Amino acid sequence: FEPPPPSSLKEQQPSMVRARRWSVGLVLGALAAARPEGKPRLRRNLADVELVAEEPPVEEVAPVVEEPVAEVLVEEPAEVPAEVAVEEAAPVVVEESPAEEEVLPAAVEEAAEDAGVAVASEETPLDGGASSYETLAAEAEALVEKLKAALAEETQLLSALNEKLAALTGAPVVEVATEVAGPVAATPVVDAAALPEPTAENRLLRAATWNMAAINNNPFEYWVTYEGDEGADYLKLMDQVSTFLSEPGAGDVLASEVVTDAMVDELLQGMVELGLATPQDVDAVKAQWTTDLSQRHIVAEVLKDPTLGSKRLISMPDRVTNTIQLADGSAWNRPSVINCYRGGDLATLEAWWPQWEGFFFDTPLEVDAGEPKKVPAAMLTPISKAKYPEITDDEAAMSIPLSFVALAAFDAILVNVVNTAAAKAAVDWQGLRATMCAALNDRKNDRTAEILETPELYGGAMDVIFLQESSITFKELAESRTLGRDLYDVYAPSSLDPNRDQNSLILLKRGAWGPATDVTDKVRGVLADRMDGAPSPAGLGDICAYEAQRTLDGKTYILASFHGDTNGLATIPVVDAVHKYRKQQDDPRPLLFGLDANTHFSDATPTKLAYVGDFAAAVGAHKMDTCYGLDAAAYEYTTFNARTYLQPQLNKAVKAADKFTDVMVDRNPKDFILFYADDLKLAAPTLKDNTGDGTFEVDVMFPTLVFPSDHAISRAVLVDAGAADLGVAAAAAAAEGWPMRMLVVTAHAEVVGTGGCEAPRPAWEGRGDDDADESHRNAPTPPPLQRRLRTSRRGLDPGVVSPTRSGVHRRQHAGDHRVSEAR
């Protein structure tokens, strides 16, 4: 008996039939390991188990012949009635061969436990030699005969179940194979090849939407899920930074101890030489530094002073000089903790200062091709009192040199803080930052494209993908790779913003659509009319709208992608504008609209933050639906992130211990796909992905080092609203590769019933998981097959599909993998 490798156990899901046959194989394999020399060998043959006498070879043991693998065309069956369950035999104790030091894999030991077979160790010796072996062989043969009888009855039950499921989907009955040996790949209940040719009504339309997030130049700004040993060091570092900034104690020194008067004099003299400050400005800034800024404590009165933020004395110069994009496509980083600077060591203030000063004054840079080069100090801009009224008139007049000194103090303080924290945590913070920059900055666009190119998941598997917060660089990269060269046509709005990495894109599967027509400006025109003279709430590049004819059904669709403003207040006006544009067409067209709505669970500040309940109501008023329905109370989050203390806005920072409770944590339902209920309907539950491999990790903040966005991907499978039977649509989805287990369950619940629900509802909306939280204990019980798939199971890969609204959820409890649904 040769058990499968662990990778096989992870990739393949054993059914009850296979599990029982593995138990038979376990007995025979364990007996073979304990076989005394000269005794007959048990050959593994589940079709007709028998003792096969063989002469032992002189020098080597004859190999055990494996039987050919036959396919079982069934998914996980319903519970087998108690009257046909296999009788538990008395435990059989088998000794491991003392001559061989091999240990049976954990999967075999678990199978032994399930089968009631105990594999003895050195503490439980097997006495009796050959006679004990013969006794065990006889007992094993009797056990095998019992199992064979039970399996024969079980095969009949599986055939009956298969007939029922085939009847539900309208597909031909698939015969159940009668023999199995070894692991087999799970295959669908419905034979995809035997399905009738899909029609326009039951052929699925797959769509995904993803705010891929603009590149963040500060790898430390948000909490990042970081695995491995370096991940532990990351948490130590960030915990020490949080502790220091929350309770600095004696470390909260005066700013003059971090930035000296001589350093300030050097900066101001350089500004005068560049013509960026007058002698009068220098005198005024020096006076403010001497009497005010230098006498402030670095944490309580500088980093935590909200007025410095509201006056933009730090954030404005940081925005301009943090990471400067050059004309040749490269970047020039300021020597700072909060970017990907790699120009030198920042382990001490003494090492940092000459690099920082040299960055601003020594090297002229070409930012725009053909334009004169200039040093970064000359790129600083004044702060407008009209735009930021908190700044005083005097401060606004000298805002360039004043903000320059404030930025120097800020960077110096962070160098001091992070080096102090790193020393206490005994970690290399610059090494951690280099790893994070490589994943979240240097390779962000490449990793994003890799995810979208994943075969059978996004790479050619979607009919349309909506992207938000894309840069022109990413668009060009996509068009040069398989993503845009072979899989999708990449469409951007004609009115995009080349200097702002927040453009919306639409990717249309090649061959699935005809030529697309840009209607972005028309939609923006409708939006402008709606605003009645007020400024448009959507910036250039936020809206991308096209019309294209779908090859399959010949219908012309309106396709739109939109990135909402930070507070989400532009979302409803844009939805209204898209709806009005559609109404203006002579032939109202189907709509697919992927968007980052930037909506929030809380309605505490409706004038400042868009409440998701208002959004759902506005969508419903237009007779639209979303990929997550219209019940805002049932929505689940698609963002989960929070700021750390290593960024300019400390009033928004969250401690590591408060990542699940602090009100500043962004854990909200923001990403949706909209469509008209008269045109389309969901054929399966919408799936979320925050890993890049199609799964959703519960209670894990993102981005991570492998998933470079703070928004999850939402992917939906839709069918024409006129499709009469979702079971047929599910079968069509199986033929196209959509997760079969989920769809079979969906079809089962759709036709057979909803397991106690008072009114019909989609199968994936049923609650009743063993691991569900207390708020769902009184929820309707899902159908038997669905419930069984969602209960805890041992020994299976944690990524096994569970038919939940949120898609595939994974969780680990004390080493025991469990499938669970997260609220």
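Residues numbered from 1 in each chain as written. Predicted model: local features only at pLDDT ≥ 70, side-chain atom pairs only at ≥ 80, totals over all residues. Heavy atoms only, no water.

S.K.: Would you explain the state of the cysteines in this entry?
M.R.: As used in these notes, a disulfide is a covalent bond between sulfur atoms, one from each of two cysteines. Scanning the model with the defined rule gives one disulfide in all. Residue pairing for Cys340: its cysteine sulfur links by disulfide to Cys437, the two sulfurs lying 2.1 Å apart. The disulfide joining Cys340 to Cys437 has a torsion of about -100° about its S-S bond and is therefore left-handed. Of this pair, Cys340 sits in the loop between strand 7 (331–333) and helix 11 (349–361) while Cys437 is found in helix 14 (residues 429–442), placing the two residues 97 residues apart along the sequence. Relative accessible area serves as the criterion here: at 1%, Cys437 is assigned to the buried category. (Disulfide = S-S within 2.5 Å. Helix = DSSP H or I, 4+ residues; strand = E, 2+ residues; numbered from the N terminus. Buried < 20%, exposed > 50% of the residue type's maximum accessible area, 1.4 Å probe, protein only.)

S.K.: Is there a simple way to explain the sheet that holds strand 14 (residues 591–596) in this structure?
M.R.: Note: strands within a sheet are paired through backbone hydrogen bonds, in either parallel or antiparallel orientation. The strand order across the open sheet built from six strands is 11-12-13-14-16-15, with neighbouring strands paired in mixed fashion. If you trace the sheet from one side to the other, it starts and ends with strand 11 (517–518) and strand 15 (624–626), each paired once. The sheet contact formed by strand 15 and strand 16 (residues 671–676) spans three bridges and is antiparallel. Bridge assignment links Met624 to a residue of strand 16, and that residue is Tyr676. (Pairing = 2+ DSSP bridges.)

S.K.: Would you explain helix 7 (residues 279–291) in this entry?
M.R.: Each full turn of the α-helix corresponds to 3.6 residues, which orients residues three or four apart in the same direction. Helix length check: helix 7, at 13 residues, gives a terminal C-alpha distance of 18 Å against a target of 18 Å (1.5 Å per residue), a fit within 8%. Of all the residues in helix 7, the buried ones are Asp281, Val282, Val285, Gln288 and Trp289. In a view along the axis of helix 7, the buried residues occupy a sector of 135°, so they form one face of it. Set apart from the buried face of helix 7 by more than 90 degrees, the exposed residues are Pro279, Gln280, Asp283 and Thr291. Where helix 7 is buried, its residues meet helix 6 (261–273), helix 12 (393–397) and helix 13 (399–425). (Expected span 1.5 Å × (residues − 1). Arc of directions from axis to C-beta. Contact = heavy atoms within 4.5 Å.)

S.K.: Please explain the confidence of the model for the protein chain as it appears in this structure.
M.R.: Interpretation of this model should avoid reading the predicted coordinates in detail wherever pLDDT is low. When pLDDT is averaged along the protein chain, the result is 75, and 66% of the positions lie at 70 or above. Low confidence marks residues 41–130, where pLDDT is under 50. Its contacts with residues over four positions away, or in another chain, come to 156 contacts. A low-confidence stretch, residues 739–823 (pLDDT under 50), is modelled with 188 contacts involving residues beyond four sequence positions or located in other chains. (pLDDT = per-residue confidence, 0-100.)

S.K.: Looking at this structure, I do not really get the packing of aromatic side chains. What am I missing?
M.R.: For any pair of aromatic rings, the description consists of the separation of the ring centres together with the inter-plane angle of the planes. All told, the structure shown has 21 aromatic pairs when counted by the stated rule. With centroids separated by 5.9 Å and ring planes inclined at 15°, the aromatic side chains of Trp353 and Trp356 adopt a geometry described as stacked. Of this pair, Trp353 and Trp356 both sit in helix 11, three residues apart, which is roughly one turn of the helix. The residues Trp353 and Trp356 share a single accessibility class, namely buried. Connected via pairs of aromatic rings, a cluster forms that spans Trp210, Tyr637, Phe640, Phe660, Phe696, Phe702 and Phe707. The residue whose ring lies beneath Lys688 is Tyr637, and the NZ or CZ to ring-centre distance is 4.7 Å. (Phe/Tyr/Trp six-rings, centres within 6.5 Å; stacked < 30°, edge-to-face > 60°. Lys NZ or Arg CZ within 6 Å of the ring centre and 35° of its normal.)

S.K.: I keep staring at unusual backbone geometry and nothing clicks. Help me out?
M.R.: Glycine aside, residues mostly have negative phi, and peptide bonds are mostly found in the trans state. The omega angle of the peptide bond from Phe702 to Pro703 is 25°, so this bond is cis rather than trans. As for its placement among the helices and strands, Pro703 is situated in the loop between strand 19 (696–697) and strand 20 (713–720). Although it is not a glycine, Ala426 sits at a positive phi angle of roughly 60°. The residue Ala426 is located in the loop between helix 13 and helix 14 in this model. By relative accessible area, which is 67% here, Ala426 ends up exposed.

S.K.: What is the right way to look at the pattern of salt bridges in this model?
M.R.: Side-chain pairs of opposite charge can arise where the charged atoms are in close proximity. By the definition in use, this model includes 24 salt bridges. Close ionic contact of Glu453 with Arg481 constitutes a salt bridge, the shortest N to O distance being 2.7 Å. Here the residue Glu453 occupies a position in the loop between helix 15 (444–452) and strand 8 (464–470), and Arg481 occupies one in the loop between helix 16 (472–480) and helix 17 (482–487), the gap between them amounting to 28 residues. Overall, Glu453 belongs to the buried group, its relative accessible area being 16%. (Salt bridge = Lys/Arg side-chain N within 4 Å of Asp/Glu carboxyl O.)

S.K.: What am I meant to see in the environment of Ile558 here?
M.R.: For Ile558, the location among the structural elements is in strand 13 (residues 556–563). With 30 residues separating them in the primary sequence, Ile558 and Pro588 have C-alpha atoms 9.4 Å apart. Not counting the four nearest positions on each side in its chain, Ile558 is found in contact with Tyr546, Glu547, Tyr581, Arg582, Arg589, Pro590, Leu591 and Leu592.

S.K.: Honestly, the side chain of Thr448 in this entry has me stumped. Any pointers?
M.R.: Inspection of the secondary structure puts Thr448 in helix 15. Excluding residues within four positions of it along the chain, Thr448 makes contact with Trp210, Met212, Phe474 and Pro708.

S.K.: I keep staring at the environment of Val427 and nothing clicks. Help me out?
M.R.: Turning to its location among the elements, Val427 is positioned in the loop between helix 13 and helix 14. Separated by 191 residues in sequence, Val427 and Lys236 have C-alpha atoms that sit 7.9 Å apart. Ignoring sequence-local partners within four residues, the contact set of Val427 consists of Asp233, Lys236, Leu237 and Ala422.

S.K.: What is the right way to read the environment of Ala657 from this model?
M.R.: Here Ala657 lies in the loop between strand 15 and strand 16. Ala657 sits 418 residues away from Asp239 along the chain, and the two C-alpha atoms are 8.7 Å apart.

S.K.: Quick question: what am I supposed to make of helix 11 here?
M.R.: Its 13 residues place the ends of helix 11 19 Å apart at the C-alpha level, agreeing with the 18 Å of an ideal helix rising 1.5 Å per residue. Taken together, the buried positions of helix 11 are occupied by Trp352, Trp353, Gln355, Trp356, Glu357, Gly358, Phe359 and Phe360. Along its buried surface, helix 11 packs onto helix 6, helix 10 (315–321), strand 6 (323–325), strand 7 and helix 13.

S.K.: Please clarify how the pairing of strand 16 should be interpreted in this entry.
M.R.: Successive side chains on a regular strand alternate, one facing one side of the sheet and the next facing the other. Among the six residues in strand 16, six count as buried, and that is most of the element. Of the two faces of strand 16, both are covered, the one formed by Asp671, Ile673 and Phe675 as well as the one formed by Phe672, Leu674 and Tyr676. Of the pairings in the sheet, the one linking strand 14 to strand 16 comprises four bridges and is antiparallel in character. What sits directly across from Leu595, in strand 16, is Phe672.

S.K.: What is the right way to look at the packing of helix 7 against helix 13 in this model?
M.R.: In a pair of packed helices, the angle between the axes and the distance between the axes together describe the arrangement. Where helix 7 meets helix 13, the axes come as close as 9 Å, and the angle between the chain directions of the two elements is 35°. Of the two possible hands of crossing, helix 7 and helix 13 adopt the one that is right-handed. Within the contact between the two elements, helix 7 uses Asp281, Val285, Gln288 and Trp289 and helix 13 uses Pro401, Leu402 and Val405. Considered class by class, the residues forming the contact of helix 7 with helix 13 number five nonpolar, one polar and one charged. (Axes fitted to C-alpha atoms, helices over the stretch in contact; angles between N-to-C directions. Left-handed = near helix turned anticlockwise from the far one by under 90°. Nonpolar A, V, L, I, M, F, W, Y, C, P; charged D, E, K, R; others polar.)

S.K.: Explain the packing of helix 18 (residues 520–531) against helix 19 (residues 571–583) to me, please; I cannot follow it from the model alone.
M.R.: Look at helix 18 against helix 19: their axes get within 9 Å of each other, and the N-to-C directions meet at 115°. Both helix 18 and helix 19 take part in a crossing whose hand is right-handed. Between helix 18 and helix 19, the residues in contact are Lys522, Val523, Val526, Leu527, Arg530 and Met531 and Pro573, Val574, Asp576, Ala577, Val578, Lys580 and Tyr581, respectively. A breakdown of the residues in the contact of helix 18 with helix 19 according to their chemical character gives nine nonpolar, no polar and four charged.

S.K.: Would you mind going over a negative patch on the surface with me for this structure?
M.R.: A cluster of acidic side chains, namely Asp328, Glu366, Asp368 and Glu371, defines a negative patch on the protein surface. Secondary-structure assignment places Asp368 in the loop between helix 11 and helix 12. Taking the relative accessible area as the measure of exposure, Asp368 reaches 47% and is therefore partly exposed. (Patch = residues over 30% accessible without salt bridge, like charges linked within 9 Å, V, L, I, M, F, W, Y side chains within 5 Å. Areas by Shrake-Rupley, 256 points an atom, 1.4 Å probe, with all protein chains shown as cover. Lys, Arg positive; Asp, Glu negative; His and termini not counted. Charge placed at Lys NZ, Arg CZ, Asp CG, Glu CD.)

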